[in-house]
Amino acid sequence: MSEPCTPPILRQNARPIPMSTERKTLDQRAQMSDIERLRHSCAHIMATAILRLWPDAQFAYGPPIENGFYYDFQMQHRITPDDFEKIEAEMKKISKENQKFEWKGISREEAKAMAESGRLGGLSERPGNPSIFKLDLIDKIPEGEQISCFQNGDFIDLCAGPHVGYSGKCKHVKLTSVSASFYMGDETKASLQRVYGTAFESKEELEAHFVRLEEAKKRDHRKLGKELKLFHIDEDVGQGLILWTPNGAILRQELQNFISEELRKQGYSQVFTPHIGKLALYKTSGHFPYYKDSQFAAIVENDDLAKVIHEGCGCGEVMARLGGISAKLRQQLNDRAGKEVVSEENVLPDDQLLDGFMLKPMNCPHHIKIFDSQPRSYRELPVRLAEFGTVYRWEQSGELNGLTRVRGFTQDDAHLFCTEDQVAAEVLGCLSLVKIVLNTLGMTDYRVRVGLRDPDSSKFTGNPEQWDKAEDACRAAAATLGVPFTEEPGEAAFYGPKIDFVIKDVIGREWQLGTVQVDYVLPVRFDLSYIGSDNKSHRPVMIHRAPFGSMERFCGVLIEHFAGHFPTWLAPEQVRILTISEKVDTFADEIFAQLKAAGLRVTLNQDADKIGAKIRNAQLDKVPYMLVLGEKEAAAGGVSVRHAKRGDLGVRSIAEFLADVTAEVRERKM
RNA sequence: GCUGUUGUAGCUCAGUGGUAGAGCACGUCCUUGGUAAGGACGAGGUCGAGGGUUCAAAUCCCUCCAACAGCUCCA
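Since the structure is predicted, the reported quantities are computational estimates derived from the model, not experimental observations.

**Q** Would you mind going over the packing of aromatic side chains in detail, with residue names and values included?
**A** Applying the stated criterion across every chain yields a total of 11 aromatic pairs. A centroid spacing of 5.4 Å and a plane angle of 45 degrees characterise the contact between Phe-59 and Phe-73, whose relative ring orientation is tilted. Of the two residues, Phe-59 sits in strand 1 (residues 58-59) while Phe-73 sits in strand 3 (residues 68-74), which places them 14 residues apart along the sequence. Owing to a relative accessible area of 1%, Phe-59 belongs among the buried residues under this scheme. Following the ring pairs from residue to residue traces out a cluster consisting of Phe-59, Tyr-71, Phe-73 and Phe-155. Positioned above the aromatic ring of Phe-200, the side-chain terminus of Arg-39 is 4.8 Å from the ring centre.

**Q** Break down the sheet that holds strand 14 (residues 383-392) for me, with residues and values.
**A** Pairing is mixed in the open sheet, where 8 strands are placed in the order 11-14-15-22-19-18-16-17. The open sheet terminates on both sides in strands that have one partner only, identified here as strand 11 (269-270) and strand 17 (485-489). Lying over the sheet, helix 15 (residues 464-480) contacts strand 16 (446-452), strand 17, strand 18 (498-504) and strand 19 (510-519), oriented at roughly 170 degrees with respect to strand 16.

**Q** Give me the protein's contact with RNA strand B: which residues, what numbers.
**A** Near RNA strand B, the surroundings consist of 62 residues, among which Leu-158, Ser-397, Ile-580, Glu-582 and Arg-616 are the closest. Considering RNA strand B, the proportion of its atoms within 4 Å of the protein that are sugar or phosphate atoms stands at 53%. Between Gly-398 and RNA strand B, the recorded distance is 3.3 Å, taken from a backbone N or O atom to a base nitrogen. Within the contact set of RNA strand B, a base oxygen lies 3.1 Å away from a backbone nitrogen or oxygen of Glu-631.

**Q** Tell me about the sheet that holds strand 4 (residues 101-106), residues and numbers included.
**A** Strand pairing in a sheet takes place through backbone hydrogen bonds and is either antiparallel or parallel in direction. Spatially, the 3 strands line up as an open sheet ordered 4-5-6, and their pairing is antiparallel. In this open sheet, the two edge strands, each paired with only one partner strand, are strand 4 and strand 6 (155-158). Neighbouring strand axes in the sheet, compared pairwise and without regard to direction, differ in orientation by 25 degrees on average. Here strand 5 (residues 147-152) runs beside strand 6; their pairing, made up of 4 bridges, is antiparallel. The residue of strand 6 that forms the bridge with Phe-150 is Asp-157.

**Q** Got a sec to walk through a negative patch on the surface? Specific residues and values, please.
**A** On the surface, a cluster of negative charge is made up of Asp-34, Glu-201, Glu-204, Glu-205 and Glu-207. The element best represented in the negative patch is helix 6 (residues 203-218), accounting for 3 residues. Examined against the element boundaries, Glu-207 turns out to sit in helix 6.

**Q** Describe the domain arrangement of chain A, with residues and values.
**A** According to the domain assignment, chain A consists of domain 1 (32-215), domain 2 (219-271 + 361-560) and domain 3 (575-666). Measuring from the centre of the C-alpha atoms in domain 1 to the corresponding centre in domain 2 gives 43 Å.

**Q** Account for helix 13 (residues 364-371), naming residues and giving values.
**A** Most of helix 13 sits inside the fold, with 6 of its 8 residues counted as buried. Listed as buried for helix 13 are Cys-364, Pro-365, His-366, His-367, Ile-368 and Phe-371. In this structure, the buried side of helix 13 is in contact with strand 12 (276-278), helix 9 (279-285), strand 14, strand 15 (408-418), helix 16 (522-525) and strand 22 (541-546).

**Q** For unusual backbone geometry, give the residues involved together with the corresponding values.
**A** Geometrically, the link from Leu-381 to Pro-382 is a cis peptide bond, its omega value of -5 degrees lying close to zero. With respect to the helices and strands, the residue Pro-382 is situated in the loop between helix 13 and strand 14. A positive phi angle, near 55 degrees, is found at Lys-229, a position not held by glycine. Tracing the backbone through its elements, the reader meets Lys-229 in the loop between helix 7 (221-227) and strand 9 (231-232). We classify Lys-229 as exposed; its relative accessible area is 58%.

**Q** Requested: an account of the packing of helix 4 (residues 108-116) against helix 5 (residues 132-140), with residues and values cited.
**A** The description of two helices packed together rests on the angle between their axes and the distance between the axes. One way to put it is that helix 4 packs onto helix 5 with a least axis distance of 8 Å and a crossing angle of 165 degrees. Accordingly, the angle class assigned to the pair helix 4 and helix 5 is roughly antiparallel. Taken as a pair, helix 4 and helix 5 cross one another with a handedness that is left-handed. Of the residues in helix 5, those in contact with Arg-108, Ala-111, Lys-112, Ala-115 and Glu-116 of helix 4 are Lys-134, Leu-135, Ile-138 and Asp-139. Residues that form the contact of helix 4 with helix 5 fall into these classes: 4 nonpolar, no polar and 5 charged.

Criteria and thresholds
Residues numbered from 1 in each chain as written. Chains lettered and ligands numbered in written order. Predicted model: local features only at pLDDT ≥ 70, side-chain atom pairs only at ≥ 80, totals over all residues. Heavy atoms only, no water. Phe/Tyr/Trp six-rings, centres within 6.5 Å; stacked < 30°, edge-to-face > 60°. Helix = DSSP H or I, 4+ residues; strand = E, 2+ residues; numbered from the N terminus. Buried < 20%, exposed > 50% of the residue type's maximum accessible area, 1.4 Å probe, protein only. Lys NZ or Arg CZ within 6 Å of the ring centre and 35° of its normal. Pairing = 2+ DSSP bridges. Contact = heavy atoms within 4.5 Å. Axes fitted to C-alpha atoms, helices over the stretch in contact; angles between N-to-C directions. Near = heavy atom within 4 Å. Polar contact = N/O pair within 3.5 Å; in protein donor to acceptor, adjacent residues only side chain to side chain. Patch = residues over 30% accessible without salt bridge, like charges linked within 9 Å, V, L, I, M, F, W, Y side chains within 5 Å. Areas by Shrake-Rupley, 256 points an atom, 1.4 Å probe, with all protein chains shown as cover. Salt bridge = Lys/Arg side-chain N within 4 Å of Asp/Glu carboxyl O. Lys, Arg positive; Asp, Glu negative; His and termini not counted. Charge placed at Lys NZ, Arg CZ, Asp CG, Glu CD. Domains from an automatic or database assignment. Parallel < 35°, antiparallel > 145°, perpendicular 65-115°, else oblique. Left-handed = near helix turned anticlockwise from the far one by under 90°. Nonpolar A, V, L, I, M, F, W, Y, C, P; charged D, E, K, R; others polar.

Dropping the structure here:
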């Protein structure tokens, strides 16, 4: 199969943005903000300090980044965090020396000579130790462009700047981490050491930065997940495989109920499909073998496996047989596409093909088969098939992260099959669902990205008229949403435009959730059709949508968004009754029974602890409502209400409390 | 996957060559206390796994496993 027919639709999150290969012009680079300028200078000062300590260091590049700066370099000594103190002390000295940053324009020949001698990116000439990376970087500078360098103290670096005037400005600096990187981000090139640091103009800002980091750490969903017993990841089960514990299951279930309710309102039909499907299904869809590397290996049935082993097949042979495609399927796919999408080299004779199953990496093929299980009339379109569908993908181990990057996850998935004229309305429907859900959760800070085709690129298939229509639909839908959106040409999937949701959490971090994608390709590959009003067969358009990406990821973001303080309707434990003494046990039992009968998730703490300890525990467990019951309440027949965030709310009647809380839950108040 | 760091009780961590510790949580008992920690006693660990060095390894070395950070923001 030569052409990837369907990209990994609705991947959990975006791949890292590939490094742009375009060079910035000198003018563009000069447009650094003040803080970037400061941090860039800090990178030079760090390089100076490292050279004083380890003169053999070869520097590559050291830019300012979002929260600080780094410099990549190569040397004998391996930096560890233990070295930071030493380097920082040296940097402090350099700052005190108040070295002037001086710009110098030099010729290509001068630059090369300085690099050859080891002077560029060094404190002095270093015979026998030429500045290899700088030499390479000089070669990358286009002919005719001004080559410039900056000098502070003895350190001269190839650098377009800009810089602060004097090193004295760089006082409030802290090194944060060390890691490895590849030269030019290319893993075939040299492996470098990278030291990260951050810098601010004042001590207060530097400290505030670390306070923010602490805040982020406190609300880390992995930490809260453990503390609040929401989920567990077990080595024996496997990396990236989530075990939802009872508390987390409640959170997820409530969220699913909410989304399902909205889907029903919008005319979706719920379906269920199995977790595996035959290989041929994914050969038809195009997911196999193109995404083989990011999928779990095929599952081969015992008898088939015994047979090929009996025939003496080695591993490579088995893989080849699994990956082959029948001549008939190839013919079908090529005919449907009207061009060669599967080349002949992938074909194996039928008696050599080895069939197997795959853990599904996406739900679309299954939903397509449901759509195609009966003749469809234009009268029943759009068909909207929704499923909280669990899929499995082989993410690299280093990519795994808590709930936000996992190997098995459940998408809030749906596939819409509609006529071309319906695309606009359906895309709009998808967006409004997202809006409702995010607003209900108080996540009002989000933006959408509309991925359009690049008209100059040939990678986008299909006819231009369809594209224009679909793009207009996406653009118009995004515009009516009333949230900021950006149009990004070239960012479309090759088979159709898409809309991505990026939400910003309370502390300003952005999270990419799901996408809505218009697809003209899969209906062709699966030869889908419906009968139009003209009594002729037509090709439906498919829309893939998983607006929240996956339940795992979304719950992870929610945990951090709320810092574990969920609104009552989502809270695993909504009310905890705290007794002051044994004297009110009977009264507490009665209240407990009443709340339970009202459908609240309530627990009763009759431990021998003092009330202060019980309150503390309930606060730590982030239970929204605490009912303090003592003799006073028993006598009055009321309850003392304490809210985890609002504190003591005083004595209320049980009826009043019940009415308020059940309404709060029913209306999903924040 | 690559680079680095880390892995000791359910949790947070101390312990750097001489056969394992604290706090919290847990269990039992005492205490019946009014809005963020009452007290006593007790139980709990083949120190991530495997191998090696050593008279002796949680500690040093190697391999593996896992977690965390980075590997993208371009002299």
